[in-house]
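Structural features, examined
So the chains spell out like this:
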Amino acid sequence: MTRIAVCGGVYSNPYALRAFVEDARARGAQQLYCLGDLGGYGAEPDAVWPLLVDHDVTVVAGNYDVAVGRGDTDCGCGYSDPRDNEFAQLMYDYTLAHTSRDYAQWMTTLPTERRFSQDGVDVHLVHGSTLALNDFWWESLSDEQHALRVQESGADLVMCTHSGLPWQKQVGDTLVVNVGVLGRPANDGRREVWYALVDLDDGRTTAELVPLAYDWEAQAASMRAGGLPEAFVETVETGWWTTCLEIVPPYERSLGRYQLYRSALPDGFEQEQVSWADAPDVADDGLPVVPLFGSPLFPPRLWLYTNFHCNLACSYCSVASSPQARKRSVGLERVKALVDEAVMEGFTEVYMTGGEPFLEPDIVEMVLYATERLDVVLLTNGMLYQGYRLEQLKRLAGRGRLVLQTSIDAASAEGHDRNRGRGSWQKAMDGLRVAKDLGLPVRVGMTVTPDNAHEVEPLRALVAGMGIVGRDFAARPLVARGFSDEGAEISDLNTVPELAVTADGVHWHPAGADVETSPDMLLARHASADHWVPLSEGKRLAVQRFLTLRRADGSLPLVYNCAV
């Protein structure tokens, strides 16, 4: 048996390279290999060369090494976005200026691939992929794309780097290992970097991806002393990538902390374009990148469908709620768990809706628990404040962090009852007054249809007489979802994600949270009644879908005004 250790992307980080040699030898590696990109990112390119030579590390040239050796004007990294290229150029210019000509000349002697047979295993070492020196071999590539690269080689074992993210995958009879890089962390929130340890034994191959601790503080200090951009140092210190993001595919990018360049965020969000009262501020921390979640393009609001059965059967309900609807109740204990998760995941408010939430016997307990931790908006038709439910409602009087949002569609019964049922307007108005008399903060949401558009101003005046003014009254457009085949056509193509959780799963948007009528908005189903999709995974899936759609045409969606 032969054990080999393979690293990639040293990126002028002698501290990680020295740790790699020591760790690999301690683990019994008999041969050490490096798959190229010796320079870039770090501040000490010339410190890498003697370590490679003195420790007998066999090197395959990467695109960086070819470019530096020839004295090219850029790194040939393969980026396509101008912002990625801007940061890549900063790295390359610094490396080229700080690399001795003897070292650069040595790089020109390096082959761009190596192939050998060891212990019955045909091994192929490349930098980018078997197709090109600067090809990004991502784990998320399709099966066809993986097979294409493997077929180009035909080896039993193919090892690569360049993308910077470690993974291994069996593709037919070939084991493919992306060894990651030593020069910066793998966008996973860890300061460790990665390399691969491989055992070759009588035609069999096993590989282990090894997280490597090293003196990252010394590397960070070196980079600052060299005057490199603080965004580069931030990655070394935190483990999250802050540059060169646009080349990263949606799946891999969704796993990181940052997804967008700050310059990609739209300016000047107006009330009618955003799906809440105020677009969230994105703090300027000096970094060129921002997380998608928590920005105006993915507000930190969680929609929680406590149930789907309802005392009404509104003709345009976007999630097809009615007295006959499948109940799909979440239940008190699950709501508590979701609220706790929401706090951990950075949500700042939760919208509880249905169905009619007051058909749930524990709805007030749910609200009391949630308002201890988050701002809560409870959406209701306001018609059930009698008897036991009224006594329960009184428990919410004086409760902070709570707003009751009541649905009223006209200033008179005719315009409201047409879609919501006879007598519903009067009961809703009575409920609104009950809530107001209890001192509960209330607001009114109106759904505007072709039949009631003329009612917007009369209704605004009516509720203003009850003290419901300004942003506490809002008119929202009808959407063609659920029971309605009229209204605005919305999809994940023209809305931003607002994560909605139901008893079925997690959904892209609350207006499409019914799996029967809006299957296209489903992000993932719960595995079982006891195994729900974690909110962290729901967020990641929403980010991945957003990035996938955005990459398709480069556009950013407008935002359907749903909450207010």
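Residues numbered from 1 in each chain as written. Predicted model: local features only at pLDDT ≥ 70, side-chain atom pairs only at ≥ 80, totals over all residues. Heavy atoms only, no water.

A separate point is the environment of Arg540. Structurally, Arg540 is set in helix 16 (residues 535-553). Between the C-alpha atom of Arg540 and that of Ser254, which follows or precedes it by 286 residues, the distance is 5.5 Å. Filtering out sequence-adjacent residues up to four positions away, Arg540 remains in contact with Tyr251, Ser254 and Leu255. (Helix = DSSP H or I, 4+ residues; strand = E, 2+ residues; numbered from the N terminus. Contact = heavy atoms within 4.5 Å.)

To continue, consider the packing of helix 10 (residues 332-344) against helix 11 (residues 363-371). Running from N to C, helix 10 and helix 11 cross one another at 15 degrees; their axes reach a closest spacing of 10 Å. By the criterion of interaxial angle, the relationship of helix 10 to helix 11 is roughly parallel. Read as a crossing pair, helix 10 and helix 11 show a hand that is right-handed. Contacts from Leu332, Val335, Lys336, Val339 and Asp340 of helix 10 reach helix 11 at Glu365, Met366, Tyr369 and Ala370. Taken together, the residues of the contact of helix 10 with helix 11 sort by class into six nonpolar, no polar and three charged. (Axes fitted to C-alpha atoms, helices over the stretch in contact; angles between N-to-C directions. Parallel < 35°, antiparallel > 145°, perpendicular 65-115°, else oblique. Left-handed = near helix turned anticlockwise from the far one by under 90°. Nonpolar A, V, L, I, M, F, W, Y, C, P; charged D, E, K, R; others polar.)

Right, let's talk about the environment of Leu404 for a bit. Relative to the helices and strands, Leu404 resides in strand 16 (residues 402-407). Judged by relative accessible area, which is 0%, Leu404 ranks as buried. Along the sequence, Leu404 and Gly40 sit 364 residues apart, while their C-alpha atoms lie 55 Å from each other. Excluding its chain neighbours within four sequence positions, the residues that come into contact with Leu404 are Leu378, Tyr385, Leu393, Ala435, Leu440, Pro441, Val442 and Arg443. (Buried < 20%, exposed > 50% of the residue type's maximum accessible area, 1.4 Å probe, protein only.)

If you look at the biggest cluster of nonpolar residues, it comprises 84 residues, and the most contacted ones within it are Met352 and Leu404. Here the element with the most residues in this core is helix 11; it accounts for seven residues. Of all hydrophobic cores here, the second largest spans 67 residues; its members include Leu38, Ala88, Trp194 and Tyr214. (Core = buried A, V, L, I, M, F, W, Y, C linked by side-chain atoms within 4.5 Å.)

With that settled, the discussion passes to the sheet that holds strand 2 (residues 31-34). Spatially, five strands are ordered 3-2-1-9-10 in an open sheet, and the strand pairing comes out mixed. Edge strands, defined here as strands with exactly one partner in the open sheet, are strand 3 (57-59) and strand 10 (204-212). Mean inter-strand twist for the sheet, computed between neighbouring axes without regard to direction, equals 25 degrees. In the sheet, strand 2 pairs with strand 3 via three bridges, with the strands oriented parallel. Of the residues in strand 3, the one forming a bridge with Tyr33 is Thr58. Each of strand 1 (2-7), strand 2, strand 3, strand 9 (193-201) and strand 10 touches helix 1 (residues 14-26); the most contacted strand, strand 2, lies at about 150 degrees to it. (Pairing = 2+ DSSP bridges.)

We now examine the side chain of Thr502. Position of Thr502 among the secondary structure elements: in the loop between strand 19 (500-501) and strand 20 (505-507). A distance of 3.0 Å separates the side chain of Thr502 from the backbone nitrogen of Asp504, its partner in a polar contact. Among the polar contacts listed, one links the side chain of Thr502 to the side chain of His507, at a separation of 2.8 Å. In this structure, Thr502 is in contact with Tyr305, Phe308, Val330, His507, Ala513, His526 and Trp532, ignoring residues within four places of it in sequence. (Polar contact = N/O pair within 3.5 Å; in protein donor to acceptor, adjacent residues only side chain to side chain.)

In this section: the pattern of salt bridges. The full count for this structure, using the stated rule, is 34 salt bridges. The shortest N-O distance in the salt bridge between Arg550 and Glu246 comes to 3.6 Å. With Arg550 in helix 16 and Glu246 in the loop between helix 8 (230-238) and helix 9 (250-254), the pair connects residues that are 304 residues apart, well separated along the chain. Neither Arg550 nor Glu246 differs from the other in exposure class; each is buried. We note a salt bridge from Asp430 to Arg433, for which the minimum N-O separation is 3.7 Å. Of this pair, Asp430 and Arg433 both sit in helix 14 (residues 424-437), separated by three residues, roughly a single helical turn. Arg433 sits in the partly exposed class, given a relative accessible area of 37%. Salt bridges linked by common partners bring Arg326, Arg328, Asp504, Asp514 and Glu516 together as one network. (Salt bridge = Lys/Arg side-chain N within 4 Å of Asp/Glu carboxyl O.)

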